[in-house]
Structure formats: structure tokens, C-alpha cells
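# Residue-level structure breakdown
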Amino acid sequence: MRIVVGRGSCGNAAGASDVFAAFVAAGFAPAITGCVGACYLEPIVDIYYDSGAKKRFVRVDEKGTDEIIKHLKGEENHVVDYTIGDNDAKILLEQKRVALVNCGVINPEDINEYIAKNGYEAIKAIVAGRTPEEVIEEVKVSGLAGRGGAGFPTWFKWNAARQNAADKKYIICNADEGDPGAFMDRAIIEGDPHAIIEGMMIAGFAIGSDEGIVYVRAEYPLAITRLEIALEQARSGGYLGKNLFGTDWSFDIRIKAGAGAFVCGEETALIASLEGERGMPRLKPPFPAQKGYKGKPSNINNVETLANVPWILRNGGCAFAAMGTENSKGTKVFALAGKINNGGLVEVPMGATLNDVIFGLGGGIKDGKAFKAVQMGGPSGGCIPAELGDTIIDYKSLAETGAIMGSGGMVVMDEHTCMVGLAKFFLEFTCKESCGKCTHCRIGTKRMLEILERITNGEGRDGDIELLEELSGAIKEGSLCALGQTAPNPVLTTLKYFRNEYIDHIKHKKCTAKSCRPLLTFSIKEDMCTGCNLCGKHCPVSGIKGDLWHVHSVENSSCIACGKCTHSCPFGAIVVE
Amino acid sequence: MDIDLKALDGVFAVAGRDEGALIAVLQGAQDLYGYLPMEVLERIADEMGLAVAKVLGVTTFYAQFRTKPVGKNLILLCQGTACHVNDSAMVEEVISEHLGIAEGDITDDGLFSYNNVACLGCCSLAPAMMIGDKVYGNLDREKIEKILDDIREVALCE
């Protein structure tokens, strides 16, 4: 019998560390695995019985752990309360897993479990009998495109780097997952680090490189640790190092921890950062494939892109291309978060609709609220409104809405999310993260942010919308890199689909989502107030008047709209407008 | 506070002194001192043959680097999109109120500081925060206060 505890960062945060420790304390020897993607079910414990049967237990808290231990000891128990529901099990089965194929299945800290899943077979077969050109052709057939956001054909980048002769070339894995709302790269490294190593080896063989670098966010300590363990095991297992598999090809990988800058997701900025500089983009050409890290041809691929590579080489490019749509092949991993019931990672073939993901796999909106919009592609992307939920997920269809595929972050919003506030949130982000090189991006985002701050503070003016549009155009035109060129997208898409909300804020000084505090007024419904004075006790500015057991009222002149009275009132007597 | 600059030798031994190692050196130095005081930056510039302005330029570019000291427990508040729509503003309000500090300040007992950071990548647990290497998710007022009180209690016992 094997006990396996899901221990990705999310699992640990949900309590998996305690669950693991409890099994150890009870005399068991549990194994670990990475994120299976169902974050909303964490902590998850899988039991593989000697009979061959398998049971999955979910939301395992302290009591749940006790019940499972009793169950394993054959004592009377209530383990059934923690058994995964049919619907949740179905959601996991319904996905088509390529990049996540081993995540939540194997122990990421044991190379043998990766090998048992045909790991490192693709690279061995390639080194033994295929040419770099054949490898690039296979990836071309697969139709794999960059999963980091831009969607550029992977084979084209590899081929360009291959064509440029040099004494030294580099393969760089971009694990600087900066989109606030995406976490698939973290989950893949934590759950299946050897797939990244093998993907980088295949890319290295294809372009003629002997050195790989993983540029990973310092905020992902567990991913870094798991990757370090994997690299060590690969080296001692003879998968990394000199003269691999009895040939004269050598390849090794090192890790570089990023220091926190969103712009470093851009290739030339990432290279500058690797070289110890400020991460500021430069003009292209020369492209990294011509002149990259230390002036040598370099190929940069995103984590999810590389995770697909071993699968493609094992199963053939055609098998990958058989999934998806005309212009977008294969599968895509999405990080579902926000106001959604089943938050986590899902992998679906391209061509599924947004509604399939949000309502099918995602289980719909939390607390039965109405689906308002979904933000795709993070700060560079845009908001897609609920009425476009039938949009097909492929690069082209998403771009037509004004949003982008991006790295696959899907932040779902309900009726209580103010779209002007959301646009302001993204502008705060891009304004802070602008490297400062281009004037339009550096100053333009600041001016846009100031306008949005004014609007959400109830000080919006006629002409603000037009000014936002004008600035958006100027920033798009006047910025060197994608950070600046896409920075206005959240404003443009919310203006396109939710223009009324802007007008409500500016003209009527109303926030219909009831989220912009300076625009809210609080009052107490006389017929529902019992005069218990709970609200008065919670009010930090003593702005609620009334004698005990008599109807209270809110003094609007002192109210700071903190909302504490609303939360404290047991009778729902406080009205927010 | 006297800063033992000699300890930097260990950082250089691991990261090297090439220009490309600057970020790794700064990361090592910050691990060592908890922040990057001016004396340390000057010493790094000196050792690596770089202008102090260059070292300071790189230091201030990246969010990870701090030039001011922090409390023993640095709380990183996630400001990702998912946390934003799940009311991360409340988390900051509670922490700030409970500890009586603003972002970047240190509590009087030297135990806590907090910083707003970009996404921690635990979006399905929003709103989330990280203390040390540990991520805490699905935060609400009671949970946050308990986490802070527990850490304080443990620290007082030590």
C-alpha cells in the first residue's frame, strides 16, 4: 500500500504539510506528489491499495487524517466523508493532459518515477538516431506555439537559433511567471521538474547547445528546491553532464533566481537580468537567436512550452496536432482563480469554449453569483464579458475579443467586481513594473492611473474616457516592448464592454458593483434595525448615532465607507448604495 | 548596528565576482544581512570593480531588494489579480491595524514587517500571504490575527 500526499505550494498552504507529518507520526511512510490541479480540493491524499485499487481523499483536515489512519488500520471510521465526489473525480478525468501529464501523479523528488513514465526516453531516442533537423521538423508538425503569451511557433525559434553558427549557444527556460493570476509554471516545476529538464535537453540538442539556464522567480522557493533536487538526480543518473548516452554531446543546466521584475518576462530584458543588469528590454533585431545571452545565440522558451516537448517527441508531432483548432494546436493549461468554485489548474484541448472551462471544469461562480467577466492574459490581456462566453479558446478567437491567450491566467469576476477598479488595479501594476526606458510607457501609464484614480474617487470629469483612449493609443505606439504595447489593454477592453460603468462613475458618481468606497453611501433600514448598536461598536469613526434599542442612523459626514457596520449587522439592516 | 562586512566573502565564494554575478551576490548579501545597507553595496561595488551607482541601479530596479531593515518575520502580501478580486485590501487593513505599522515599517518588538508583492502564484487560495517560506491562504480577519498572534507567542517563548 502507498500513501501519497499532494504537496505543491498550494497543497502545503492548505495544510498538506500537517497531514504528511501526521501520517509519519502514525508510523506510515507517505510519499509526495505535486499539484494535481484541483486546488479547491486540497489537501488531497491518494491511497494505492495492494489489491490495485486506488482511493482519493480530499479536503483532508486534522479529523480527516485521523479517519484515514483509522481506515488504514482497519478500525471503524468516517473516511467516507472525505472520499472525492463523483463530479470532482469526473472533472479531473475529463481533461486532456499533456503538459500536466505527470503532475499530481509522480513523486517529483524521485527521478525513477519520471523514468517509469517513459521519462528521458525521448531524448535518448533522439541522441541515438535522429538529427537536430528531424527534431525541429517534428516540433513543426506538432504546431506547438509559445505558451508564455506571444504564441510564436516554437520550431521557428529553434530553427533560427540552429541556423546561427557559434561556438556556444544557450537554452533558457523562462520560469519568471509574472502574470498575477497564473501559476501553471510553478505547478509544473513543482510537480514534474524532469519534464522541463528533458524538454530543455531536446531543445538543446536541436539548436546545438550544451548549456541550459532556468530563470525562475525567487518567490517560488519550493519550485527552486524541487528543480535543484531533480538536476542533482539527473546528473548522478547520467542524464546531464559530459558525453551523454555514449555520444560526444554534453548538456547541463543551472538555475538563476530572478529578483522580481515583471518586464523580465520579455526576452531581451530576461537576458539583461541574467547578465546581472537592470532588466530593461532592447530593440530587436538582433533577436536572441542571433545575439542573446553573453552575445551568443540563445533560445528562450516558457516552462509550459518545454513541458509539452518530451510528450511530442514520444508520441509524434501528429498526435499533438490532432488536438486543437486550425490555428492553435494541442492543449493549454489554464489557471482558474477569482470568484470561481473550482479554483485550480485545468488542461483542455484548444477549441474548448470559455464557458466549458468556467462552468464545466470550473464549476461556475462562487456563492451562486452572476458571471460578469473573465480576465485573460493578465495585465497584458483583457476582460471578456459573460455574453462572449461561447468564445472558442484559440489564439485568434481570443485576440478578436481584445484579450489574449497570454500565459493562461483566467481570473473570473462576479457582479461585485468593479471593472473600472479592475482597470485601475492593472494600471497600478504596469505603472509600477514599467522599466522606465520608453517615455510613453513610463509617464503614460502614470497619467492613465491618475485618471482612473480620480474616476474611482468620484472625481471623474467629462472627457476622461476620451483622454484614456488617446493615451492608450500613444502608449501602444510609443513603447518598445510588449509590456508597454499591451499595458492599455485592460482599460481598452473594459471601455469596450463596460463603458456604462465608466459613465456611471463619472457622470452619476455611482459604482454599481458597490466596490469603490468613495462612491458608496450607507444608510440603515428603519424597519429592520433593532437598535442593538453592534454597528456602532464596530464603527471606527463613531459615525453611527442612536440610543440602545432605538433605530440607528449613519452620519454621512463622518462615514469613511469602511463597510464594518455592514458586516457586523446580524439583521442585514444596513443598505449600501 | 555594526555590519560585519567580512561575512560577504562567503557570498563571493559562492556567486563569484564576474559582472554577471551581481544579482546573485545581492541576493546572497540580502540573505545574510536581511537587507542591503549602503556599506554593503559599496563593498560589493569595490570587490566587483563596479561603480556604486551601477550596483545601486540594479538594487533599486528589482522588487526583491530592500535597502531598509525589516522585522524578523517579513510578511509578503500577495497583490495578484485573484487576491485583488478576493479583497486583498482587507488583508492589508487587518495586518496594518493589528500590528500598528504601515508597509515597510517594523513593529516595536522587531518581530514583523510587511510588504505588498506581485503574485505569489497561489491564486486558488486567494487572498494569500507568505511569511518565510510558508504560504497562508483563504485569509479572513480571524485567521490573519491568529497567524500573527501565534508567531508572536512562539517568538516570546524563545
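The paragraphs below set out a description of the structure included in this document. Note that the coordinates shown come from a computational prediction; the quantities given were computed from them, not determined experimentally.

What follows covers the overall build of chain B. Summing up its helical and strand segments, chain B has seven helices and four strands in all. Sequence-ordered secondary structure for chain B, helices as α and strands as β, is α-α-α-α-β-α-α-β-β-β-α. Reported as C-alpha extents along the three principal axes, the dimensions of chain B are approximately 50 × 35 × 25 Å. Looking at chain B as a whole, 50% of its 158 residues qualify as buried. For chain B, the exposed surface amounts to about 7,200 Å²; the carbon and sulfur share of it is 51%. One way to put it: in chain B the 12 positive side-chain charges average out to a point 4 Å from where the 26 negative ones average out.

Further remarks concern the packing of helix H1 (residues 9–25) of chain A against helix H2 (residues 62–72) of chain A. All names here are of chain A. At their nearest, the axes of H1 and H2 sit 10 Å apart, and the two run at 35 degrees to each other. Classified by chirality, the crossing of H2 by H1 is right-handed. In this structure, H1 uses Val 19, Ala 22 and Phe 23 to contact H2, whose residues at the interface are Thr 65, Ile 68, Ile 69 and Leu 72. Classifying every residue of the contact of H1 with H2 gives six nonpolar, one polar and no charged.

Quick look at a negative patch on the surface now. All names here are of chain A. Negative charge collects at one region of the surface, where Asp 18, Asp 61, Glu 62 and Asp 66 lie side by side. By the element assignment, Asp 66 lies in helix H2. Accessibility expressed as a relative area gives 44% for Asp 66, which makes it partly exposed.

Time to look at the pattern of salt bridges. Residue and element names in this part refer to chain A. Going through the model one piece at a time under the given rule, you end up with 38 salt bridges over all chains. In this structure, the salt-bridge partner of Glu 138 is Arg 130, at a minimum N-O distance of 2.6 Å. Judged by its relative accessible area of 27%, Arg 130 falls in the partly exposed class.

It is worth spelling out the interface of chain B and chain A at this point. Contact residues are listed per partner, giving 35 residues for chain B and 52 residues for chain A. In this assembly, chain B packs against chain A so that about 3,200 Å² is buried in total across both faces, 58% of it on carbon and sulfur atoms. At the surface where chain B touches chain A, the tally comes to three salt bridges. For A:Glu277, the salt bridge identified is with B:Lys54, shortest N-O distance 2.8 Å. Viewed at the interface, chain A and chain B are joined by 15 residue pairs in polar contact (both at pLDDT 80 or more). Residue assignment for the side of chain B that touches chain A shows that the elements contributing at least two residues are helix H2 (22–33), helix H4 (52–61), helix H5 (81–85) and helix H6 (88–99) of chain B. Per-element tally for the side of chain B that touches chain A: the top contributor is H4(B), with five residues. Its residues assigned to classes, the side of chain B that touches chain A comprises 17 nonpolar, twelve polar and six charged.

Cut-offs and rules
- Residues numbered from 1 in each chain as written.
- Chains lettered and ligands numbered in written order.
- Predicted model: local features only at pLDDT ≥ 70, side-chain atom pairs only at ≥ 80, totals over all residues.
- Heavy atoms only, no water.
- Helix = DSSP H or I, 4+ residues; strand = E, 2+ residues; numbered from the N terminus.
- Buried < 20%, exposed > 50% of the residue type's maximum accessible area, 1.4 Å probe, protein only.
- Areas by Shrake-Rupley, 256 points an atom, 1.4 Å probe, with all protein chains shown as cover.
- Lys, Arg positive; Asp, Glu negative; His and termini not counted.
- Charge placed at Lys NZ, Arg CZ, Asp CG, Glu CD.
- Axes fitted to C-alpha atoms, helices over the stretch in contact; angles between N-to-C directions.
- Left-handed = near helix turned anticlockwise from the far one by under 90°.
- Contact = heavy atoms within 4.5 Å.
- Nonpolar A, V, L, I, M, F, W, Y, C, P; charged D, E, K, R; others polar.
- Patch = residues over 30% accessible without salt bridge, like charges linked within 9 Å, V, L, I, M, F, W, Y side chains within 5 Å.
- Salt bridge = Lys/Arg side-chain N within 4 Å of Asp/Glu carboxyl O.
- Buried area = accessible area lost by both parts, 1.4 Å probe.
- Polar contact = N/O pair within 3.5 Å; in protein donor to acceptor, adjacent residues only side chain to side chain.

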